Amino acid sequence: MLESFTSDSSVASEFFRKEPCIYTHRMFQRAAQIFASLRHNSDSDHSSPVRRKLVSVKEPASRPVPPMDFTDTTEKKLTYELAFATLKFQGVFEDVLEDSMFFAHHPELQDDSALVMVVLWDFQSRKFQPRVPVGDETLDPAVVQIENAILGMKTKLNATLARRRIKASAPSIEYLLPDIVRAKSSSQKPIPVYAWVNQLKINAAELLEQLKDEGFRQLTYIPEDGELFEGKTFFVDPNCSDTLVFSVDCSLLLQEHDLVTEGFLVRQDKSTCMAAHSVLPLLLENHDVIITNPGTGLVVAHLVSLIHDQEGFIIAVGGASSSTQTTMQDNLDFLGASKAVKIIPQDITELELDDVRLKNARVAVVIADCTKSAINNAVSFIVTEGEDLKILKHITSVEQDSNHLSHLMTKHTNQLRHTLRLPKIQAVVYLTRSVHQEENEVVVEKALEFVNMVQIQKKMPWKVIPPVIPFLGDDITNQKGIIGKYIKFPPSSMTNGCFLVAIAREPQSASDIVARARAKGLISKNSKLRTSQSQSIKLESENDSSKGEESHSSVPPRRNHIKPSKKRNKSQTASLPQATSCPSSAKPSRQRVPPATHLSHASSSKETKDHLPEHLKCLPADPFILPHMQVDKGAIGFVLSGANIMCPGLTSPGARMTKVDKDAIVAIMAEGKETALAIGLTKMSTDEILSKNKGVGVDNIHFLNDGLWQMKAVK
């Protein structure tokens, strides 16, 4: 009996517990404006038949969400969450309001139907309890009137809602949603917080030290998907060396943390961070980078932070509205990146191919304005990335709009085609946050097919190249985030989903390679060479053979040495220490093995200057005629594709160097291989490579199976 009483008391206590309201009247009004702009049409299946026939509420035509000001990020996020919840339950609330004859009793509120729906969501979530003002908020008369009307009819509204749940055998109100909407909503879950270090304002050592002083703990391993990851903990992302990953518990704490509010740490989705990092191995020094659909400019600032020591500009092309352009400029000024950025408001497809503003650009990033169907938490993504609120409408739609998907596919294809046709561009990175192949592989295939068919014959054809950012060996083997030449992350408890691909021009023609080799002094000017019958270069087998190697990048992880902040101690310059992987078949290792730099001593390049081989085929006869520079296994496919060797690729585990000077001819060896893969020209001395550890270390001027390899000497 006592147990029954205790049990009944606990149930009663839970039932009568006062539910606090976290939304202010200001949030109600702004959420209602968002809902009114995004609400589903009355003639769609999302609305009830009764509501369509009998309710005389005048719904405004679909219109853009008006610009809004928020006191802080918390207010913005709560407002968006309120509008999102109301959109999900629009059909349910329309039926409840109609069955209870709410507007028949309160016809004066028909013109404020959007605000009624928003306030109704809050009341039903709090068991129709009276609302207590939040802090010292200013009450809005219109909201007060609606609150009083709902409280006056709360018995009828609650009973109507209960009858609908009983009829549908729904254990909760969520089960009144259409199946497809409930499925989409269930996938909306919190994920860890990703934030990159703004090297324009602070260096990594200072930032890490401050985090540790405040009680944050850095993990020395990478948690697996679904593994418990909580508290004030973080680790360094394995794919983006300047990005920290904080537990979900840190979300609210970081939101108003001084490191974030002062611009030292910038919250951003991992997919966008990977797009910025994909540019680094593709970019030549002091050239410009184009970024299309840059949103609020955070990805632009990130790229400026990564290449702040170069003289090139980041060209931000396209913007949804003048307000977005203003927000972008404000963010760039705040993060200290505006001096290295040029903004072109037009869409990339509206620019002429020979636009003089793009003449120095060599790499482009095309960020598709896609369905965002791979996003885990839409509200957090919108707040972080500054994306269009229309995402919320698509997520809460009953049916997948095939016309909308087809329209987006055409738009993406046109943007990618136009970017690939820019005459100076040598590489393109394409990014979506979609699970639809129509927006991913299909767009890439169609764009490449079109551009390779229509471009001038002398131009090198485009092709998809293997990922140019580092991946752990276990991830490559298990196809975790990397499938063939595509980076594909599915939505998970650790990250939003995304699709990322790098596209580059195929290696130069044989005549271009010969001219370049002669200019570099690799072959004699008097050598008589003729091309083979087929000058086309097929490297698919070599590239495919590298898929299962330990690392999958043309350059191993770039360690970004950060300039000291002018506002802080200038004596420290460091990079973010990487965590080790945690194989699924073994317990996480809590110890981190620091990377070792191998430096072997051999003859200087001066000793071989008078005995340079004219061809890779000469090396087997005298393997040590040239100094050796060794890259790790993961770089093999990239070297065989003609990629230059970056400094981090020569200092990572598995790499070795011979002590040489700048402008030395060297043989490019590979970990586990006995024969040379290529012949290169050092762009800096060994000591400089070790000290700088960024930029091109060796220029790849002749590699296996290129045009020069396929040539035959004329007797």
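The structure reproduced in this document is the subject of the present report. Model, not experiment: these values are computed from the prediction.

**Brief notes about the packing of helix α5 (residues 90-99) against helix α7 (residues 113-125)**
For step 1, the next point in the chain: The N-to-C vectors of α5 and α7 enclose an angle of 95°; their axes lie 11 Å apart at closest approach. Taken together, α5 and α7 sit at an angle that is classed as roughly perpendicular. In this structure, α5 uses Gln 90, Phe 93, Glu 94 and Leu 97 to contact α7, whose residues at the interface are Val 116, Met 117, Leu 120, Trp 121 and Gln 124.

**A closer look at the nonpolar core**
For step 1, the next point in the chain: Grouped together as the largest cluster of nonpolar side chains are 58 residues, with contacts concentrated most on Phe 28, Phe 102, Ile 150, Leu 157 and Leu 392.
For step 2, the next point in the chain: By residue number, the principal contributor to this core is α7, which donates nine residues.
For step 3, the next point in the chain: Split by domain, this core shows at least three residues from each of two domains, domain 1 (12-177) and domain 2 (275-512).
For step 4, the next point in the chain: If we ignore the near neighbours within four places in the chain, the residues touching Ile 150 are Phe 102, Val 116, Val 119, Leu 120, Phe 123, Phe 128 and Leu 157.
For step 5, the next point in the chain: Counting 46 residues, the second-largest nonpolar core is a separate cluster that includes Ala 301, Leu 335, Ile 465 and Cys 498.

**A closer look at the packing of aromatic side chains**
Geometrically, a pair of aromatic rings is defined through the distance of the ring centres and the angle of the planes.
For step 1, the next point in the chain: For the structure shown, the criterion picks out eleven aromatic pairs.
For step 2, the next point in the chain: Judged by centre distance (5.8 Å) and plane angle (85°), the ring pair of Phe 70 and Tyr 80 falls under edge-to-face. Here the residue Phe 70 occupies a position in the loop between α3 (49-54) and α4 (73-88), and Tyr 80 occupies one in helix α4, the gap between them amounting to ten residues.
For step 3, the next point in the chain: According to the relative accessible area criterion, Tyr 80 is buried, its value standing at 10%.
For step 4, the next point in the chain: For the ring pair Phe 102 and Phe 103, a centre distance of 5.5 Å and an interplane angle of 85° mean the geometry is edge-to-face.

**What about unusual backbone geometry?**
For step 1, the next point in the chain: Even without glycine at this site, Met 101 takes up a positive phi of about 55°.
For step 2, the next point in the chain: For Met 101, a relative accessible area of 46% corresponds to the partly exposed category.
For step 3, the next point in the chain: Notably, Lys 127 is not glycine yet its phi reads approximately 60°, a positive angle.

**Let's talk about the pattern of salt bridges**
For step 1, the next point in the chain: In total, this model carries 18 salt bridges according to the counting rule given.
For step 2, the next point in the chain: Its salt-bridge partner being Asp 122, residue Arg 126 comes within 3.0 Å of it at the nearest N-O pair.
For step 3, the next point in the chain: Residue classification places Arg 126 among the buried positions, given a relative accessible area of 3%.
For step 4, the next point in the chain: Take Asp 122: its relative accessible area is 2%, and that puts it in the buried class.
For step 5, the next point in the chain: Here Glu 224 makes a salt bridge to Lys 480, at a shortest N to O gap of 3.3 Å. Of this pair, Glu 224 sits in the loop between β2 (217-218) and β3 (233-236) while Lys 480 sits in the loop between α21 (473-477) and β12 (481-483), and the two are 256 residues apart along the sequence.
For step 6, the next point in the chain: Salt bridges sharing partners connect three or more residues here, namely Arg 26, Arg 30, Asp 69 and Glu 75.

The rules behind the values
Residues numbered from 1 in each chain as written. Predicted model: local features only at pLDDT ≥ 70, side-chain atom pairs only at ≥ 80, totals over all residues. Heavy atoms only, no water. Axes fitted to C-alpha atoms, helices over the stretch in contact; angles between N-to-C directions. Helix = DSSP H or I, 4+ residues; strand = E, 2+ residues; numbered from the N terminus. Parallel < 35°, antiparallel > 145°, perpendicular 65-115°, else oblique. Contact = heavy atoms within 4.5 Å. Core = buried A, V, L, I, M, F, W, Y, C linked by side-chain atoms within 4.5 Å. Buried < 20%, exposed > 50% of the residue type's maximum accessible area, 1.4 Å probe, protein only. Domains from an automatic or database assignment. Phe/Tyr/Trp six-rings, centres within 6.5 Å; stacked < 30°, edge-to-face > 60°. Salt bridge = Lys/Arg side-chain N within 4 Å of Asp/Glu carboxyl O.

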